[in-house]
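Next come the chains, spelled out residue by residue.
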Amino acid sequence: MAKHQFQTEVGQLLHLMTHSLYSNKEIFVRELVSNASDAIDKLNYLRLTDEKLKDSFASWKGEINISFDEKDKSLTIIDNGIGMNEEDMINSIGTIAKSGTKSFVEALTGDAKKDSNLIGQFGVGFYSVFMVADKVDVISKKAGEEVAYKWSSDGSGEFDLAPCTKESAGTVIYIKLKDEEAGEFASKYRIKNIVGKYSNHIAYPIFLNYDEEVSETLSEEDEKAGKTPEKKTERKHEQINEATALWTQPKAKLKDEDYNNFYKSISQDSSDPMLTIHTKTEGVNEYITLFYIPQIAPMDMYRADYQSGIKLYVKRVFITDDDKELLPTYLRFVRGIIDSEDLPLNVSREILQENRILANIKQSSVKKILSEIKKLSKDEEKYSKFIEQYNRALKEGVYQDYTNKEAILELLRYKSTKTEDKKLTSLEDYKNRANSEQKAIYYIVGENEKVLRNSPLLESYNKNDIEVLILDDKEIDEIITPAIGAFKEWEFKDITTCEAPKVEINEEEKKEVEEKFKDIVSKIKEKLNDDVKDVKITNRLSESASCITKDSQDAQMAAMAHMFRSMGQEVPEIKPILEINPNHEIVKKLKDTKDEGLIEDISWILLDLAKISEGFEISDRVAFAKRLTKITAKAL
Ligand SMILES: Nc1ncnc2c1ncn2[C@@H]1O[C@H](COP(=O)(O)OP(=O)(O)OP(=O)(O)O)[C@@H](O)[C@H]1O
């Protein structure tokens, strides 16, 4: 027998499980039954597609058996699924391979109470058994292999692994219950109740096996003779779930509770879903989809190795849960099932990618999901919860899914100069609020909402009562917003690059002002030399003395900067355009100054102040402080 150490993270997890304060311990049954069902799914698929297994499993039928023994204080869960060999056991129940579980471990705080709540949010699969077990034996034989293996652990630092014998393929999980849990879980009623709650619609039958004391039925004669019936123990083998794939049931037959429990059994989430979308399509292509949107975004949503939430079935036979192409990436938070009647059972991964039927299913599924989200948007309170979780992912859709761009744009919500208290606006509402001459959607992008709201660039918009969207998720907004183009013919305009609105430009007056400030503008340009692309006198500002903007070419460059960086390429430096306000005291006085030193100091201060108020870093803080000190001293 070989002893193996658990991976450190598993050790951490097990420590939490064995000392768990989590009250909802019953979920371990759901997790183990769901693993059993997955294992049967896998064998069911293989026996139809793998020549080596076809004959030996020709008459095989998947089933799960649960038995309990009150005296022994134990519970056993048996499946005749794919099974595990030595390597599988080390990799699957000795390390943490799943990204969901990884996120769980990363989220652990060390505070037992908080961490126990996390179990509820994640569901940590197999390891949850240690909430109730003193010791667990897993005896398993992989389909098509000769040797079986026994894995044993008491949930402390290590597990034993040794070859053993087992007749048929599948897995037996023997759970020696903790004394204090035995009364609850080695019980017919409790197991029936838990299976009924979470696993009623697992597609395979679940049998409960137990001994029951029954009285013999007496013959009429014996009864007349007053004989007392003898008591004997009978072995019961009772099916305790409906064993129909839930998604194949008519909607009218299903209650919210059925949908919610099924969601929990496939998702690792212990909360009810936010939205359930069940659709049966007949016609050229026949398929059923059952989609769920979780209340809380899956923890791995922003990890590159996120887990797909969609299981693909063909005529009730499980095909894969590892195909990220079943829905577009921006909908990776959706959980659920696609079951097609038309796909061939032996679809390979490559075929899946190019399959026209699947492409059609995907296309209509996306439309359906988006239209259901739109329905949800009519309920402001519920929708704000959706937006809080998924606005960012949907924004990616604008970029990825050209066909549905308009529909996605309708769903997005934005902060704006006319919304407060965390309220957000839709683009439709933005349009409706705008006055009749406005034909564009104005926005400003940056990292910090407060800085953006105080940006001098907003002055002329506020003055003219023009709403500006405040996009403070720079990483994504800066790339995606320029790609939007327009929403219902209203062009998106970045206020750092476009002309200020509604400023009556009298060409003659403009020329006059430019002429008047020509010398000082060129002096400032000379002083700031390499740090600016240009210096302009404009009437964009009303209160501030200066601001920085960029031209549209540089704006495009800024949008692509992330991409360049991620490809390891140098991003060319983008220099700002300094715009100064001819009506501001500083600028007016500066025009008449002859003191070169002062002009230099003020030029830098105009640039640095503009940068600071728009949330950018200044190039030399020490120099800025020195200049400010010098000028303040002079002013006194
Ligand atoms: N009854 C079983 N038969 C075959 N393999 C199993 C069985 N139970 C567990 N496994 C293997 O152990 C792995 C880990 O199981 P665990 O419940 O911890 O996570 P999971 O089921 O993979 O993740 P999730 O809970 O997200 O579905 C499974 O992916 C599977 O490979």
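Residues numbered from 1 in each chain as written. Predicted model: local features only at pLDDT ≥ 70, side-chain atom pairs only at ≥ 80, totals over all residues.

1. With respect to the overall build of the chain
- From N to C terminus, the chain includes 23 helices and 22 strands.
- The C-alpha radius of gyration computed for the chain amounts to 34 Å, which surpasses the reference 26 Å derived for 636 residues by more than 25%, pointing to a less compact arrangement than a globule.
- The dimensions of the chain, computed from C-alpha atoms along their principal axes, are 125 × 55 × 50 Å.
- Here the chain, with 636 residues, has 35% of them falling under the buried criterion.
- Within the chain, contacts between residues at least 6 apart in sequence are counted, and of these 73% link residues at least 24 apart. (Helix = DSSP H or I, 4+ residues; strand = E, 2+ residues; numbered from the N terminus. Rg over C-alpha atoms; globule rule 2.2 N^0.38 Å. Buried ≥ 20, exposed ≤ 12 C-beta atoms within 10 Å, placed from the backbone. Contact = placed C-beta atoms within 7 Å.)

2. Quick notes on the sheet that holds strand β9 (residues 231-239)
- Strand order in the open sheet made by the nine strands is β1-β6-β5-β4-β7-β3-β2-β8-β9, with mixed pairing throughout. With partners counted over all chains shown, the strands left at the sheet margins are β1 (2-5) and β9, one partner each. Geometrically, the sheet is characterised by an average inter-axis angle of 20° between neighbouring strands, direction not taken into account.
- Pairing analysis gives six bridges linking strand β4 (residues 133-141) to strand β5 (residues 148-153), with the strands arranged antiparallel. Within β5, the residue paired with Asp-137 across the bridge is Ser-152. (Pairing = 2+ DSSP bridges. Axes fitted to C-alpha atoms, helices over the stretch in contact; angles between N-to-C directions.)

3. Some thoughts on the site of the ligand
- Around the ligand lies a shell of 18 residues, among which Asn-35, Ala-39, Ser-92, Gly-125 and Phe-126 are the nearest.
- When residues of the shell around the ligand are assigned to their parent elements, the largest contribution, four residues, is made by helix α2 (residues 27-49).
- When its residues are assigned to classes, the shell around the ligand shows seven nonpolar, eight polar and three charged. (Near = placed C-beta within 6 Å. Nonpolar A, V, L, I, M, F, W, Y, C, P; charged D, E, K, R; others polar.)

4. Side note on the nonpolar core
- Tyr-443, Ile-444 and Val-468 are the most contacted members of the largest nonpolar core, which totals 81 residues.
- One finds Leu-14, Met-131, Ile-139 and Tyr-198 within the second-largest nonpolar core, a separate group that totals 59 residues. (Core = buried A, V, L, I, M, F, W, Y, C linked by C-beta atoms within 7 Å.)

5. Things to note about the pairing of strand β16 (residues 440-445)
- Summarising burial for β16: five of the six residues are buried, a large majority.
- Bridge count between β16 and strand β19 (residues 490-494): four bridges; the pairing is parallel. From the neighbouring strand, Ala-440 faces β19, where its bridge partner is Glu-491.
- Of the strand pairs in this sheet, β16 and strand β17 (residues 468-471) are connected by four bridges, and their pairing is parallel. Bridge pairing in β17 links Ile-444 to Ile-470.

6. Observations concerning the sheet that holds strand β10 (residues 275-281)
- As summarised here, the arrangement of the five strands in space is β10-β11-β14-β12-β13, forming an open sheet in which the pairing is mixed. Only two strands of the sheet have a single neighbouring strand rather than two, namely β10 and β13 (317-320). Strand-to-strand twist of the sheet, defined as the mean angle between neighbouring strand axes without regard to direction, takes the value 20°.
- Sitting on the sheet, helix α12 (residues 356-376) touches β10, β11 (287-293) and β14 (335-340), and the angle it makes with β10 is about 140°.

7. Details of the packing of helix α19 (residues 507-528) against helix α22 (residues 596-613)
- One can describe the packing of α19 onto α22 by two numbers: an axis separation of 9 Å at closest approach and a directional angle of 80°. Classified by the angle their axes make, α19 and α22 are roughly perpendicular. Packed against α19, whose contacting residues are Lys-523, Ile-524, Lys-527 and Leu-528, the element α22 presents Ile-599, Glu-600, Ser-603 and Leu-607 at the interface.
- Class assignment for the residues of the contact of α19 with α22 results in four nonpolar, one polar and three charged. (Parallel < 35°, antiparallel > 145°, perpendicular 65-115°, else oblique.)

8. A short note on the pairing of strand β6 (residues 158-164)
- Here β1 pairs with β6 via four bridges, running antiparallel. Among the inter-strand pairings, Lys-3 is bridged to a residue of β6, identified as Asp-160.
- Looking at chain direction, β5 and β6 are connected through five bridges and run antiparallel. Directly across from Ala-148, in β6, lies its bridge partner Cys-164.
- Here β5 folds back onto β6, and the loop between the two strands holds four residues, one of which, Gly-155, carries a positive phi near 85°.

9. Thoughts on the domain arrangement of the chain
- For the chain, the assigned domains are domain 1 (2-215 + 231-239), domain 2 (246-376), domain 3 (414-494) and domain 4 (509-635).
- Computed over C-alpha atoms only, the centres of domain 1 and domain 3 are separated by 53 Å. (Domains from an automatic or database assignment.)

10. A look at the environment of Glu-286
- By secondary structure assignment, the location of Glu-286 is in the loop between β10 and β11.
- Sequence separation of Glu-286 and Ile-357 is 71 residues, and the distance between their C-alpha atoms is 9.5 Å.

11. What about the environment of Val-129?
- Looking at where Val-129 falls in the secondary structure, it is placed in the loop between α6 (112-122) and β4.
- Classification of Val-129 by C-beta neighbours within 10 Å gives buried; the count is 24.
- In this structure the C-alpha to C-alpha distance between Val-129 and Glu-282, which are 153 residues apart in sequence, comes to 42 Å.
- Setting aside its immediate chain neighbours within four residues, Val-129 contacts Phe-28, Leu-32, Val-136 and Ile-175.

12. Quick look at unusual backbone geometry
- One non-glycine residue, Lys-315, lies in positive phi territory at about 45°.
- Inspection of the secondary structure assignment puts Lys-315 in the loop between β12 (310-314) and β13.
- Under the C-beta neighbour-count criterion, Lys-315 is labelled exposed, with 12 such atoms within 10 Å.

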